[in-house]
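Overview (structure and organization)
These are the residues of each chain, in order.
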Amino acid sequence: MELETQSLPITNKVIEAYYHDQQFIHTFFDYELNEASFRDRAQELTERTFKRNELSEVIRSFMGPFGISEQADLHLRELASDALAVVGGQQAGILTGPLYSVHKAITVILLAKKQREQLGIPVVPVFWIAGEDHDLNEINHVYTHSRGQAVKQQYEEKFIFKWMASDAEYDKESMRQYVQSIFSKYGEAKYTKPLLAEVLSAVESESTFTTFFVRLMNGMFKEEGLLFIDSAFEGLRKLESDYFIRLIEESEQLAELIVQQESMFSEAGLGQPIFAEKDAANLFYIHETGRILLTRDEGDFVNRQTGVRFTKEELVVIAKEKPELLSNNVATRPIMQDLVFPVLSFVGGPGELSYWALLKEAFHHMGIRMPLFVPRISMTLVSPQAAKAMIKTSLSFDDVVGGRLQPAYEDYLSSLQNERLDSVLNETEALLEKQYEEMSLTLDAEDEGMKQILLKNITFHKKQLDFVRRKSQESILLKDDQALRQYLILEGELYPGGSLQERVYTPYMFMNNYGPSLIQDLLNMPFELDGKHYLVYL
C-alpha cells in the first residue's frame, strides 16, 4: 500500500470556510480545530456530569450479541470511569453502505488514539448508528461497476410504512439472494468465497438493516475496540428520558435559535441546510404508521397528516414513561449526543458540517458548548488496474476529477478512425446521390411510381454504406478494446458518475480482490487530519 496526498478542487464553500475563515469558525462553532482546543474541551468536560455507568452498560447490552473484544471491553470500563469520547456516525447501509462509513470509523479510531496520547487521558472511539432514520431508500441499494459505469443494484423488498432502519426487518432469503447477486457482479477472486460466506452468515444472524450493518462493522473494527450504539436502541432511549424532557420544554426557544442561525448561514452565501422552521418541534414520534415528525401548534405538539396531537404535558409523560416512542431529528441529535456522551470531538462529513453550523446557540441554550468538529478522512482506493490505466492513458487523478478524462477518451477514439475509408464512403455516397438525381431527371413528371422506386433504391444503398461504417467502427473498437477499456476503468473506479468513489461503492468491492486485511492496513497508514484527499494505492 502506498499513500499520496491530493488537493481536490474546492467545491464545498462550508469546508473551505471551516479550514480557512476564522470569522466563520467563531460565528458558527465554539472551537477552532487545533490542539489547544482539544485541551480546552477536555477541561470543559471535567466540569460536567454524565450518566457514565448507565451509558457503559447500555452500550455493553447493545454490543453483546455482536461480540465484545478485549479492547472494546477496556474502552467500556474506561467510559464508565473518566474517558472522553470521539464520536462519529452514519446510517446503516447494506454491506456497510458507501466507503465513507468506513472512512468515518477509521477517522474516529485514529483521532481517539491521537488524543489519548496528546492529552494523556483515556479517549475512546464511538460509532453512533442513525438507526432511527426512516428513509430506507437512502440505504436499500449498492453500486457495482460495469464498463465505466456505476450501476445501482437495488434491494427490491418493499416497506409500506416509514419504519426506522432499526425496526425494518428484511426477508432473509431475499437478502441472501441479493448479496449473492452483488458478489457475482464483483467477479470471482481469491477472497470472494470467505468474504461472501461471512456476509451471508451475518444475513442469517440478523434481521434488520441496522443489526446487519453492525455485525459487519464490528467484525471489521473489533480489534480496535470501536464501540457501537444504535440511536434507536431502547436502552439508550431510557437513558435519554430526562434529556427528551428538556428538549420538549425548550423546543420553542431551540427552534427560534436554529432559525436565526440558519438565516445568518444563508446570508453568508452558504445555503439553507435544513430549512429550519419556527414551529418545528425537532422531534419525531414513533406512531403505528411509522416515524412521524412533530411540529408545534398553539402550545401542542402535532402531526397533521396522522391527526396526532399531544399537549406539552402529555409529551413529557411519554418522555418519562415511554421514551422509546420519541426520536431526534437532524437538529436535536447532536445535542442529545452531547448530553449523553462526554464528546471530545465529533467526526463528520461535509453535509454534517453544514447542519452542525446551525446549532451553536441551541447548544448554549441547553447549557453546553459544541464539541470540536473534525472532518472525516477522505480517500480514494486505487486498484492495481486503475494505477496501470493511469500510466497507459497518461492521465492523473487530477485529470479524472478535473473533467479531462472524457476529452482524452474522445481524442483517442478520433485517432483510431480509418480516415481513408471514411473518405471513400463519403465520396461513394455523394456519387450515388448525383447519379440517382440524373436518373430522376430522365423520368416524366407524372411518373410517380418510378420516382418512388428510385427513392427506395437509393435509401437501401445508403443504409448499406452506413452498415459498412458501423462495422468499420466495431472493428476498430474490437482491435483497441484493451486500450479503450483503460479509460472506462478510470471513470468507473475513481470518479463514478462524477462523484468521488467513497460516496458510491462499498468496501467489499475492493476487499473482494485485496482481502479482509484492507481495513487494518488502512488503519496503519499515516493519515493526517488536514483536509487533504488521499490516494491509497492497493
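**Details of the packing of aromatic side chains**
Enumeration over the complete set of coordinates arrives at 24 aromatic pairs. Considering the side-chain rings of tyrosine 170 and phenylalanine 209, the 6.3 Å spacing of their centres and the 75 degrees angle between planes classify their relative orientation as edge-to-face. Of this pair, tyrosine 170 sits in the loop between strand S5 (149-154) and helix H7 (172-186) while phenylalanine 209 sits in helix H9 (residues 209-221), placing them 39 residues apart in sequence. What makes tyrosine 170 buried here is its relative accessible area of 5%. Residue classification places phenylalanine 209 among the buried positions, given a relative accessible area of 1%. The interplanar angle of 20 degrees and the centroid separation of 4.6 Å between the aromatic rings of phenylalanine 346 and tryptophan 356 together place this pair among those described as stacked.

**Observations concerning the environment of tyrosine 18**
Topologically, tyrosine 18 is positioned in helix H1 (residues 13-20). In this structure tyrosine 18 comes out as buried when scored by relative accessible area, which is 3%. As for tyrosine 18 and threonine 107, which are separated by 89 residues in sequence, their C-alpha atoms are 18 Å apart. Here the side chain of tyrosine 18 touches phenylalanine 373 through a polar contact of 2.5 Å, landing on its backbone oxygen.

**Structural notes on the packing of helix H6 (residues 99-119) against H9**
Where H6 meets H9, the axes come as close as 12 Å, and the angle between the chain directions of the two elements is 45 degrees. By the angle class used here, H6 and H9 are oblique. The handedness of the crossing between H6 and H9 comes out as right-handed. Here Ser101, Val102, Ala105, Ile106 and Ile109 of H6 lie close against H9, whose contacting residues are Met217, Met220 and Phe221. In terms of residue class, the contact of H6 with H9 is built from seven nonpolar, one polar and no charged.

**Remarks on the pattern of salt bridges**
For the coordinates displayed, the defined rule picks out 22 salt bridges. With a closest N to O distance of 3.0 Å, aspartate 300 and arginine 309 form a salt bridge. In this structure arginine 309 comes out as partly exposed when scored by relative accessible area, which is 43%. What emerges from the salt-bridge pattern is a single network uniting Arg41, Glu44, Arg48 and Asp338.

**Side note on the sheet that holds strand S15 (residues 533-537)**
Taken in spatial order, the three strands line up as S1-S15-S14 in an open sheet, and their pairing is mixed. With one partner strand each, in any of the chains shown, strand S1 (2-6) and strand S14 (378-382) form the two edges of the open sheet. Neighbour-to-neighbour, the strand axes of this sheet turn through a mean angle of 25 degrees, independent of strand direction. Relative to S15, S14 runs parallel, the two being bridged by five bridges. When the sheet's bridge partners are listed, threonine 380 is paired in S15 with leucine 535. Most of the contacts of helix H17 (residues 384-393) go to S14, to which it runs at about 85 degrees, and overall it touches S14 and S15.

**Looking at the nonpolar core**
Core analysis: the biggest nonpolar cluster contains 141 residues, and Phe29, Phe221 and Phe341 have the highest contact counts within it. With nine residues, the top contributor of residues to this core is H6. Excluding its chain neighbours within four sequence positions, the residues that come into contact with phenylalanine 341 are Phe50, Leu55, Ile59, Leu79, Ala85, Val126, Trp128 and Ile229. Judged by nonpolar contacts, the second largest core, of 19 residues, contains Val382, Ala386, Tyr409 and Leu484.

**Considering H17**
Owing to its 3.6 residues per turn, the α-helix brings residues three or four apart onto one side. Within H17, burial applies to Ala386, Ala389, Met390 and Thr393. Down the axis of H17, the sector holding all buried residues measures 100 degrees, keeping them to one side. Of the residues in H17, the exposed ones pointing more than 90 degrees away from the buried face are Lys388, Ile391 and Lys392. Among the residues trailing H17, serine 394 stands out with phi positive, at a value near 60 degrees.

Basis of the calculations
- Residues numbered from 1 in each chain as written.
- Predicted model: local features only at pLDDT ≥ 70, side-chain atom pairs only at ≥ 80, totals over all residues.
- Heavy atoms only, no water.
- Phe/Tyr/Trp six-rings, centres within 6.5 Å; stacked < 30°, edge-to-face > 60°.
- Helix = DSSP H or I, 4+ residues; strand = E, 2+ residues; numbered from the N terminus.
- Buried < 20%, exposed > 50% of the residue type's maximum accessible area, 1.4 Å probe, protein only.
- Polar contact = N/O pair within 3.5 Å; in protein donor to acceptor, adjacent residues only side chain to side chain.
- Axes fitted to C-alpha atoms, helices over the stretch in contact; angles between N-to-C directions.
- Parallel < 35°, antiparallel > 145°, perpendicular 65-115°, else oblique.
- Left-handed = near helix turned anticlockwise from the far one by under 90°.
- Contact = heavy atoms within 4.5 Å.
- Nonpolar A, V, L, I, M, F, W, Y, C, P; charged D, E, K, R; others polar.
- Salt bridge = Lys/Arg side-chain N within 4 Å of Asp/Glu carboxyl O.
- Pairing = 2+ DSSP bridges.
- Core = buried A, V, L, I, M, F, W, Y, C linked by side-chain atoms within 4.5 Å.
- Arc of directions from axis to C-beta.

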